[in-house]
Amino acid sequence: MFGESFMLFRVLGFEIRANVTWLFLALLVTWSLAAGFFPMVYPDLAPSTYWAMALVGMLGLFFSLLFHELAHSVVARSHGLPVHRITLFLFGGVAEMEAEPKEPRIEFWMAIAGPIASLVLAAAFYLLASLMAEIGLPEHVAGVAGYLGFINLLLAIFNMVPGFPLDGGRVLRAALWQWTGNIRMATRWASRVGQGFGLLLVALGLATFVSGNFVGGMWWFLIGLFVHAAATAGYQQLLTQQALQGRTVRRFMTTDPVTVPAEASVQGFVEEYLYHHNFDRFPVVQGDRLLGSVGLAEVRKVPRAEWGGTQIGDVCLARSKENTVAADADANEALNRMQEGRTGRLMVTEGDHIVGVLALKDLLRFLDIRAELERR
Ligand SMILES: [Zn+2]
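Residues numbered from 1 in each chain as written. Predicted model: local features only at pLDDT ≥ 70, side-chain atom pairs only at ≥ 80, totals over all residues. Heavy atoms only, no water.

### A closer look at the pairing of strand β12 (residues 353-359)
The two faces of a sheet get side chains in turn, since along a regular strand they alternate between them. The following threshold applies: Each residue is placed in one exposure class: buried if its accessible area under a 1.4 Å probe, protein chains only, is under 20% of its type's maximum, exposed if it is over 50%, and partly exposed if it falls in between. Each helix corresponds to a stretch of at least 4 residues labelled H or I by DSSP, and each strand to a stretch of at least 2 residues labelled E; elements are numbered beginning at the N terminus. Strand pairing requires that DSSP identify at least two bridges connecting the strands.
Most of β12 sits inside the fold, with 6 of its 7 residues counted as buried. Alignment of strand β5 (residues 254-255) against β12, held across 2 bridges, turns out to be antiparallel. In the strand pairing of β12, T254 is matched with V357. The sheet contact formed by strand β11 (residues 345-350) and β12 spans 6 bridges and is antiparallel. Bridging from a neighbouring strand, L346 pairs with L358 of β12. The antiparallel hairpin formed by β11 and β12 contains 2 residues in its connecting segment, where G351 sits at a positive phi of about 60°.

What follows is the structure, given as structure tokens:
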């Protein structure tokens with residue numbers, strides 16, 4: 001999501017990453033604290049003091065977002081839901097989970113853990129601020145701790161708005177799910193509140209922008225758009241997941257794929273396969289064992305003069321977790337793998353052998369038909 005992100009460090013076994021957009025947020029926060037907020041609240045200090053305070057404030061915000069996401073992640077993991085990594089980006093943080101919770105009770109505790117963590121942190125920062133004032137530290141030093149207390153309080157309140165995908169929306173979904181036993185309906189309602197809240201923020205942003213606060217207005221406008229889009233996407237994703245659940249890859253694959261023997265020359269591959277069949281990529285086999293796959297990209301690496309003397313088996317892309325999926329795997333798993341690897345095709349395996357090819361368009365066609373039938 002949102003392009004490039006880079007690994008920062010590991011904590012409690014979770015990989016912590018920052019998206020490039022987080023740098024933008026860090027700069028914006030530091031600048032607005034140093035040039036706007038702190039000089040307004042604590043006038044007549046040296047500029048270098050404001051920048052130092054702003055830097056501590058920004059690092060504190062980073063820590064606060066991370067603490068919030070870690071709370072979600074620790075609870076998720078303790079219920080057997082693996083969290084791959086935590087990524088901080090422009091609008092905060094996300095804990096990327098492999099699967100959705102299987103029952104409302106787990107969803108509830110996972111969701112509420114974040115806001116509770118933020119509340120605890122808010123109390124801790126406020127306590128720190130009053131201790132600092134107590135022992136006679138300058139007012140503006142204690143002020144930074146007070147600011148972080150306020151930020152955490154805001155984080156807890158904002159996240160408890162009952163619209164999916166915010167934490168409060170997940171709590172609402174868990175409650176409706178528990179109450180009706182219908183996760184679809186629960187998600188639909190929580191998503192609708194989320195979409196409505198997103199639009200409200202967009203409107204608020206526009207009004208703020210028009211009234212002359214350009215940065216603040218644009219900020220709320222963007223957050224509103226993001227919440228609206230995420231609420232819509234979250235519901236779609238659930239529908240997809242439910243439609244594919246319990247259906248194996250075998251059900252969607254094309255059997256008897258055209259395969260290239262490893263002994264074939266590059267010359268032969270170009271003439272008899274690449275020109276001949278309407279595919280970009282072909283599985284490569286040795287006997288009946290799957291070696292990997294080959295396409296135009298691998299051919300390009302071989303100088304034309306060597307095409308006749310080079311075997312496909314020596315240049316093909318090796319089989320890996322990214323380009324294969326087991327025939328008995330859940331179709332959801334295949335879809336996740338395609339999205340992560342940004343590929344539209346996977347080779348379907350049974351042990352060492354290839355038994356078919358799975359195309360994204362076939363999965364999408366099935367989902368389209370189902371959605372169409374349910375609409376009627
Ligand atoms: Zn949260």
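That covers the picture; the talk isn't over yet.
### Considering the pattern of salt bridges
Two side chains with opposite charge may pair up if their charged atoms get near one another. Test applied: Throughout this description, the term salt bridge denotes a Lys or Arg side-chain nitrogen within 4 Å of a carboxyl oxygen of Asp or Glu.
Evaluation of the coordinates by the stated rule reveals 9 salt bridges. Between R250 and E350 there is a salt bridge; the shortest N-O distance is 2.7 Å. Of this pair, R250 sits in the loop between α7 (214-244) and β5 while E350 sits in strand β11, and the two are 100 residues apart along the sequence. Exposure remark for R250: the relative accessible area of 34% places this residue in the partly exposed category. With a relative accessible area of 37%, E350 lands in the partly exposed category. Taking the shortest distance from any N to any O, the salt bridge between R281 and E298 comes out at 2.9 Å. Within this pair, whereas R281 is found in strand β7 (residues 281-286), its partner E298 is found in helix α9 (residues 296-300), the two being separated by 17 residues in sequence. By relative accessible area, E298 is classed as buried at 6%. One network of salt bridges, with partners in common, ties together R10, E15 and R17.

### A word on the domain arrangement of the protein chain
Much of the literature gives interface size as the accessible area that the parts lose upon coming together. Heads up, the rule is: An automatic or database domain assignment supplies the residue ranges for each domain. Any pair of residues with heavy atoms lying within 4.5 Å of one another is described as a contacting pair. A quick way to say it: buried area is the sum, across both parts, of accessible area lost when two parts are put together, with a 1.4 Å probe.
Each domain of the protein chain was delimited in the assignment, giving domain 1 (5-244) and domain 2 (249-375). Taken together, the contact between domain 1 and domain 2 spans 6 residues of the former and 11 residues of the latter. For the pair domain 1 and domain 2, the two sides together bury roughly 700 Å², of which 55% comes from carbon and sulfur. In this assembly, domain 1 and domain 2 are joined by 0 salt bridges.

### Some points on the sheet that holds β7
As summarised here, the arrangement of the 4 strands in space is β6-β7-β8-β9, forming an open sheet in which the pairing is mixed. Where the open sheet ends on each side, the last strands, each with one partner, are β6 (260-261) and β9 (317-318). Sheet topology places β6 next to β7; 2 bridges connect them, and they run parallel. Looking at β7, one finds that P261 is bridged to V285.

### So, the coordination of the zinc ion
So the rule is basically this: Coordination here is defined by N, O and S atoms within 2.8 Å of the metal (3.2 Å for Na, K and Ca), and since water is not considered, a site can look incomplete. Working rule for geometry: tetrahedral if four donors all subtend angles between 85 and 135 degrees; square planar for four, octahedral for six, if opposite donors exceed 155 degrees and the others stay between 65 and 115; irregular in every other situation.
Of the protein atoms, only H68 (NE2), H72 (NE2), D167 (OD) and D167 (OD) coordinate the zinc ion, at distances of 2.0 to 2.6 Å. Note that the zinc ion binds 4 donor atoms; their angles at the metal cover 54 to 147°, and the shape is irregular. Each donor residue of the zinc ion belongs to the same chain, with the gaps between them written as H-x3-H-x94-D. In this pair, H72 sits in helix α2 (residues 47-78) while D167 sits in helix α5 (residues 167-180), placing the two residues 95 residues apart along the sequence. Summarising the burial analysis for this pair, H72 and D167 share the class buried.

### Structural notes on the nonpolar core
In plain terms, the rule: The criterion is simple. A nonpolar core is a set of buried Ala, Val, Leu, Ile, Met, Phe, Trp, Tyr and Cys residues joined through side-chain atoms within 4.5 Å.
Counting residues in each nonpolar core, the largest one holds 40 residues, and the members touching the most others are W22, V29, F38 and Y147. Where this core is concerned, the elements lending two or more residues are β2 (14-19), α1 (20-41), α2, β3 (83-89), α3 (104-134) and α4 (139-159). For this core, the element with the highest residue contribution is α2, accounting for 12 residues. Here W22 is in contact with F62, L65, L88, F89 and L90, once residues within four sequence places are set aside.

### Here we look at the sheet that holds β11
Definition in use: A fitted line through C-alpha atoms serves as each axis, taken over the contacting stretch for helices, and the angle formed by two N-to-C directions is quoted from 0 to 180°.
The strand order across the open sheet built from 4 strands is β5-β12-β11-β10, with neighbouring strands paired in mixed fashion. Across the chains shown, the open sheet's two edge strands, defined by having one partner strand only, are β5 and β10 (324-326). In this fold helix α11 (residues 331-341) packs onto β10, β11 and β12, with an angle of close to 135° to the strand it touches most, β11.

### Topic: the environment of Q195
You can see Q195 is positioned in helix α6 (residues 183-210). C-alpha of Q195 to C-alpha of A229: the two residues are 34 residues apart in sequence and 7.6 Å apart in space. The contacts of Q195, once residues within four sequence positions are left out, are H228, A231 and T232.

### So, the packing of aromatic side chains
What counts is decided by this rule: Each Phe, Tyr or Trp ring (for Trp, its six-membered ring) is paired with any other whose centre lies within 6.5 Å, and the angle between the two planes then decides the class: stacked below 30 degrees, edge-to-face above 60, tilted in between.
Under the counting rule described, the total for this entry stands at 14 aromatic pairs. With centroids separated by 5.1 Å and ring planes inclined at 80°, the aromatic side chains of F108 and W109 adopt a geometry described as edge-to-face. Judged by relative accessible area, F108 falls into the partly exposed class, the value being 32%. When the ring of F269 is compared with that of Y273, the centres are 6.1 Å apart and the planes differ by 25°; the resulting orientation is stacked. On the criterion of helical spacing, the pair formed by F269 and Y273 is a turn pair, its members being 4 residues apart in helix α8 (residues 266-274). In this structure, F269 and Y273 share a single accessibility class: buried. Members of the aromatic cluster, connected to one another through ring pairs, are F269, Y273, F279 and F282.

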